[in-house]
Amino acid sequence: DIFPDHFQNRFGFLSDHAKHRVQVNGFVDLPLGFTLGVDAFWSSRYTFEAREAGPVYGEVFLEPRGSREANETYRLDLQVAKSFQVGDLRLQLIGSVLNALDDEQVLTVCDRVEGCGAVELGEALTYRQPRFYEVGFRVEW
């Protein structure tokens, strides 16, 4: 590292910091070979800071790490499965709904003062994928 460029504003919260996080995963076996599953997640606002490219390499933090806050995030995924016994084989048909709330939330923001392509500092870079469905199967022996 080059002094003083890479030694300024290195204290503070990291980019994955959030004050509160709650995650619930679980499933329940039901009669007739059905299984229901859930994956739910909520996180309070995450942090970021303004940066710029260093004069030689790397990045220079222009303000203390984690000095800005972005949005909170949450997600709900649901799954249902049906089992069938065929001789010694156990077959399972699986259907999932991912991002069941269909909320395309902002996941990351631009943290560069010079911008990130056509995106300015603090604007959204990536979004949560909208609701989508998956169908699959499992074979156990």
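To start, this report covers the structure provided alongside it. Just so you know, these numbers come straight off a predicted model, no measurement behind them.

### Re unusual backbone geometry
Logical step 1: The phi angle at Leu-32 is positive, at roughly 65°, despite the residue not being glycine.
Logical step 2: In this structure Leu-32 comes out as exposed when scored by relative accessible area, which is 68%.
Logical step 3: Not every positive phi belongs to a glycine, and Asn-99 is a case in point at roughly 55°.
Logical step 4: Within the secondary structure, Asn-99 is located in the loop between β8 (89-98) and β9 (106-109).
Logical step 5: The buried category is assigned to Asn-99, whose relative accessible area is 1%.

### Some remarks on the nonpolar core
Soluble globular proteins: nonpolar side chains tend toward being buried together.
Logical step 1: Counting five residues, the largest nonpolar core is built from Tyr-46, Phe-48, Ala-70, Val-106 and Val-109.
Logical step 2: Leave out the neighbours within four places in its chain, and Val-106 touches Tyr-46, Asn-71, Thr-73, Ala-124, Thr-126 and Tyr-127.

### Quick word on the environment of Gln-23
Logical step 1: Relative to the elements of secondary structure, Gln-23 occurs in strand β1 (residues 21-29).
Logical step 2: Aside from chain neighbours lying at most four places away, what touches Gln-23 is Asp-39, Ala-40 and Phe-41.

### Concerning the pairing of strand β2 (residues 34-43)
Logical step 1: Relative to β2, β1 runs antiparallel, the two being bridged by nine bridges. Counted as the bridge partner of Phe-27 is Gly-37 from β2.

What counts, and where the lines are drawn
- Residues numbered from 1 in each chain as written.
- Predicted model: local features only at pLDDT ≥ 70, side-chain atom pairs only at ≥ 80, totals over all residues.
- Heavy atoms only, no water.
- Buried < 20%, exposed > 50% of the residue type's maximum accessible area, 1.4 Å probe, protein only.
- Helix = DSSP H or I, 4+ residues; strand = E, 2+ residues; numbered from the N terminus.
- Core = buried A, V, L, I, M, F, W, Y, C linked by side-chain atoms within 4.5 Å.
- Contact = heavy atoms within 4.5 Å.
- Pairing = 2+ DSSP bridges.

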